[in-house]
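Spelled out from the first residue to the last, the chains are:
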Amino acid sequence: MNTPAQTPLGRILSRFRRDRFGMIALAGIVVLFVLALVFAILSFARVPFPMDPNATDLERKLLAPNPVNWLGTDNLGRDLFSRMLHGSYISLTVGFVAVAVSLLIGVIVGAVSGYYGRWVDNVIMRVVDAIMCFPTFFLILTAVALLGPSMLNIIVVIGLVSWTGTARLVRAEFLTLRETEYVRAARSLGQRTPAIIFRHILPNAFAPIFVTAVLGVPAAILTEAGLSFLGFGVQPPQATWGNIIADGKTYMLDAWWLIVFPGLAIFLAALAFYLTGDALRQAAETRAERK
Amino acid sequence: MANLLEIRNLSIRFRTEHGNVDAVKNISLSLKEGASLAVVGESGSGKSVTALALTRLLPVPPAEFTSGDILFQDENVLAMKPDRLRAIRGGEIAYIFQEPSSSLNPVYSIRNQISEAIRLHRPDVKDVDAEIVRWLTTVGIVNPEKRMHDYPHQLSGGMQQRAMIAMALSCQPSLLVADEPTTALDVTIQAQILAELKRLRAEFNMALILITHNIAIIQGLCDRIAVMFRGEIVEYGDTTSVLKNPQHPYTKALIACIPRLGSREKRLKTIDYSWLEKTNT
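Residues numbered from 1 in each chain as written. Chains lettered and ligands numbered in written order. Predicted model: local features only at pLDDT ≥ 70, side-chain atom pairs only at ≥ 80, totals over all residues.

**Structural notes on the overall build of chain B**
And then number 1: When helices and strands are counted, chain B shows 11 helices and 10 strands.
And then number 2: By the compact-globule yardstick of 19 Å for 281 residues, chain B fits well, its C-alpha radius of gyration being 19 Å.
And then number 3: Across its three principal directions, the C-alpha atoms of chain B cover 60 × 50 × 45 Å.
And then number 4: The buried share of chain B, reckoned over its 281 residues, is 43%.
And then number 5: Taking the intrachain contacts of chain B between residues at least 6 apart in sequence as the baseline, contacts between residues at least 24 apart amount to 66%. (Helix = DSSP H or I, 4+ residues; strand = E, 2+ residues; numbered from the N terminus. Rg over C-alpha atoms; globule rule 2.2 N^0.38 Å. Buried ≥ 20, exposed ≤ 12 C-beta atoms within 10 Å, placed from the backbone. Contact = placed C-beta atoms within 7 Å.)

**A few points about the overall build of chain A**
And then number 1: Assigned secondary structure in chain A consists of 12 helices and zero strands.
And then number 2: In terms of its C-alpha atoms, chain A occupies a principal-axis envelope of roughly 75 × 55 × 35 Å.
And then number 3: Looking at the 291 residues of chain A, the share that counts as buried comes to 41%.
And then number 4: Across chain A, contacts joining residues at least 24 apart in sequence account for 68% of those joining residues at least 6 apart.

**With respect to unusual backbone geometry**
And then number 1: Here P236(A) and P237(A) are connected by a cis peptide whose omega angle stands at 10°.
And then number 2: In this structure, P237(A) sits in the loop between α10 (206–230) and α11 (241–248).
And then number 3: Positioned with a positive phi, R230(B) is a non-glycine residue whose angle comes to about 50°.
And then number 4: One can find R230(B) in the loop between β9 (224–229) and β10 (232–238).
And then number 5: In this structure R230(B) comes out as partly exposed when scored by C-beta crowding, with 19 C-beta atoms within 10 Å.

**Things to note about the interface of chain B and chain A**
Quoted interface sizes are often the accessible area lost when the parts come together.
And then number 1: Each partner contributes residues to the interface: chain B has 23 residues there, and chain A has 18 residues.
And then number 2: Top element by residues in the side of chain B that touches chain A is helix α4 (residues 110–121) of chain B. It accounts for three residues.
And then number 3: A breakdown of the residues in the side of chain B that touches chain A according to their chemical character gives 10 nonpolar, nine polar and four charged. (Nonpolar A, V, L, I, M, F, W, Y, C, P; charged D, E, K, R; others polar.)

**Details of helix α3 (residues 80–116) of chain A**
Residues and elements named next belong to chain A.
And then number 1: End to end, α3 covers 53 Å across 37 residues, agreeing with the expected 54 Å (1.5 Å per residue, within 8%).
And then number 2: Of all the 37 residues making up α3, 26 are buried; the element is thus mostly covered by neighbouring parts of the structure.
And then number 3: Following α3 by one or two positions, G117 adopts a phi angle in the positive range, close to 60°. (Expected span 1.5 Å × (residues − 1).)

**Quick notes on the nonpolar core**
And then number 1: The biggest cluster of nonpolar side chains holds 148 residues, and the ones touching the most others in it are I209(B) and V227(B).
And then number 2: Contact partners of V227(B), with chain neighbours within four places excluded, come to V40(B), G41(B), I233(B), V234(B), E235(B), H248(B), Y250(B), T251(B) and L254(B). (Core = buried A, V, L, I, M, F, W, Y, C linked by C-beta atoms within 7 Å.)

**Remarks on the pairing of strand β6 (residues 93–96) of chain B**
All names here are of chain B.
And then number 1: By the alternation rule, side chains of β6 split into I93 and Y95 and A94 and I96, which are all buried.
And then number 2: The pairing of β6 with strand β7 (residues 175–179) spans four bridges and is parallel. Counterpart to Y95 in the pairing with β7 is V177. (Pairing = 2+ DSSP bridges.)

**Things to note about the confidence of the model for chain A**
Any segment with low pLDDT has predicted coordinates that should not be analysed in fine detail.
And then number 1: Per-residue confidence for chain A averages 88 on the pLDDT scale, and 96% of its residues sit at or above 70.
And then number 2: Here helix α1 (residues 8–17) of chain A stands out as the element of chain A with the lowest mean pLDDT, 80, in contrast to α3(A), whose mean of 93 is the highest. (pLDDT = per-residue confidence, 0-100.)

**Comments concerning the sheet that holds strand β1 (residues 3–16) of chain B**
All names here are of chain B.
And then number 1: The strand order across the open sheet formed by four strands is β2-β1-β4-β5, and the pairing between neighbours is antiparallel. This sheet does not close on itself; its edge strands, each paired only once, are β2 (19–32) and β5 (75–76).
And then number 2: Summarising the sheet, strand β4 (residues 63–72) and β5 pair through two bridges and their orientation is antiparallel. Within β5, the residue paired with F72 across the bridge is E75.

**Brief notes about the sheet that holds β6(B)**
All names here are of chain B.
And then number 1: Sheet architecture is open: six strands sit in the order β6-β7-β8-β3-β9-β10, paired in mixed fashion. Each having just a single partner strand, β6 and β10 make up the two edges of the open sheet. On average, each strand axis in the sheet is inclined to that of its neighbour by 15°, with strand direction left out of account.
And then number 2: Across the sheet, helix α10 (residues 249–256) is in contact with β3 (36–40), β9 and β10; its angle to β9 comes to roughly 105°. (Axes fitted to C-alpha atoms, helices over the stretch in contact; angles between N-to-C directions.)

**Considerations on the confidence of the model for chain B**
And then number 1: Taken residue by residue, chain B gives an average pLDDT of 83. The fraction at 70 or more is 98%.
And then number 2: Quick note on the complex model: pTM equals 0.82, ipTM equals 0.82.

**Quick notes on the pairing of β10(B)**
Residues and elements named next belong to chain B.
And then number 1: Two strands pair when backbone bridges link them, and β9 and β10 are joined in this way by six bridges, in the antiparallel orientation. Following the sheet pairing, R224 is matched in β10 by D238.
And then number 2: Hairpin geometry of β9 and β10 is characterised by an intervening segment of two residues between the two adjacent antiparallel strands and by a positive phi of about 50° at R230.

**A short note on the environment of T176(A)**
And then number 1: You can see T176(A) is positioned in helix α7 (residues 164–177).
And then number 2: Put simply, T176(A) and L264(A) are 88 residues apart on the chain and 42 Å apart in space, counted from C-alpha to C-alpha.

**Description of the packing of α10(A) against helix α12 (residues 257–284) of chain A**
Residues and elements named next belong to chain A.
And then number 1: The interhelical angle for the contact between α10 and α12, taken along N-to-C directions, is 170°, at an axis separation of 9 Å. Between α10 and α12, the angle is such that the two are roughly antiparallel. The residues of α12 that touch α10, namely those facing A207, P208, F210, V211, V214, L215, V217, P218, I221, L222 and A225, are I266, A269, A270, F273, Y274, T276, G277, L280, R281 and A284.
And then number 2: Considering only residue class, the contact of α10 with α12 consists of 18 nonpolar, two polar and one charged. (Parallel < 35°, antiparallel > 145°, perpendicular 65-115°, else oblique.)

Following this line, the structure appears as structure tokens:
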């Protein structure tokens, strides 16, 4: 044995590490994450970083990027960079928590559907089909309009409507994996059904689930940005990338920075997650292994 | 001595879209404690279905027990509650399957998988690692302290099957069902694994049901033999006498198919099914 013992996850990660685009994209995510985290911690400790995102200063309104306000100021003289940091914190929180909610539902529903098969599968999949028929964005808009716009509501609603894809994927994985010899071996050992589902089958479906989770984050971020832009998202004065653009579009001809920087932030964040997800998918495909 | 296992008039049917298939027709078998039985037959003859039926591992539906009883230690398996059934699976009746490479879960180390079996059926064992090492040593794995941390893909086919046997034995079952345990292995490893099974059976006084389509490997390993053909047991008896003096035409044909070293025949014998069908009814 010359090679060190490698877990299946370790193999995926070591292949991922060789993917240059994936690593750059991951670095982007890490930078974004660190910025949002630093901002969240400092604002929790009531230390403005770099300044209070909601402090207005009408004498300094609509300033172009300058040494004090790195990305300029808006029509109320608020610092754009600070507001965008607050936006990154909102975007990442919504992205990750909404995906966690949708994963939780999707994995359990998909696992049950795929493992039990037959009429259970039929009923669940028809329900999934029905949910998929709704135009998601308008469903979310309606739900948020009814429940009231808040970060928690947005997270829950996005999570509740976006689990169907995950459920289908998990179901498909379970349909193949439940027929494997090691599942039969586990049953012949007297293992319980929940242990077979979660201990023996689910870890083998980990790679595709992880990839969809990573790809689900930018989708949630974009949905949140869209909602905020339309005014159904996190409410002002709390800054998000979406509502900064919404507020800035009135001044877009005089103050380009108000829409370009948050727009770029949305674009780059989504791109970073998509590229990372894509690189992970390639790393997870064993057949794509090259020397 | 009482019978460890008794199958009485068992019939199993599969309901499929293309009609019903009677996979097992009215078979009866019995096995004493520590005894060994070979179930021989070609693909589709119902031998694996019989083996899986012993602990109701068949998916119901499409499978269906249409008649008969399976008595294990005088307890009817077909009437058991799920909890009791789980205790029997692995704990009393352990299985080894054909493909060792796919019978082991690729995401867990050998140690992880054997410890799962031990925890399920012998919760009183304190030092699980020592127990794992003991069983891996028993089945002939060299350097078990190190190898137990390996993942299935790091082991050769023979070692994987040894690990499977260790996992089955670690629960100390009274009956081991080996469903074509050597089919996926090459011939030299095949001989090693069979010798290992023979030794372990004697060492632990464990009953063995060996399922195989290869009539050549059972001599010296199993005391009795049941020949299955199209869901029925066509011949059942002492291994030596059946092999020496087969009664049923299918058994004769099977034995005639074994290639013999030094034989002057130009072609190997095959089985003439049209002729068998006429004689079988």
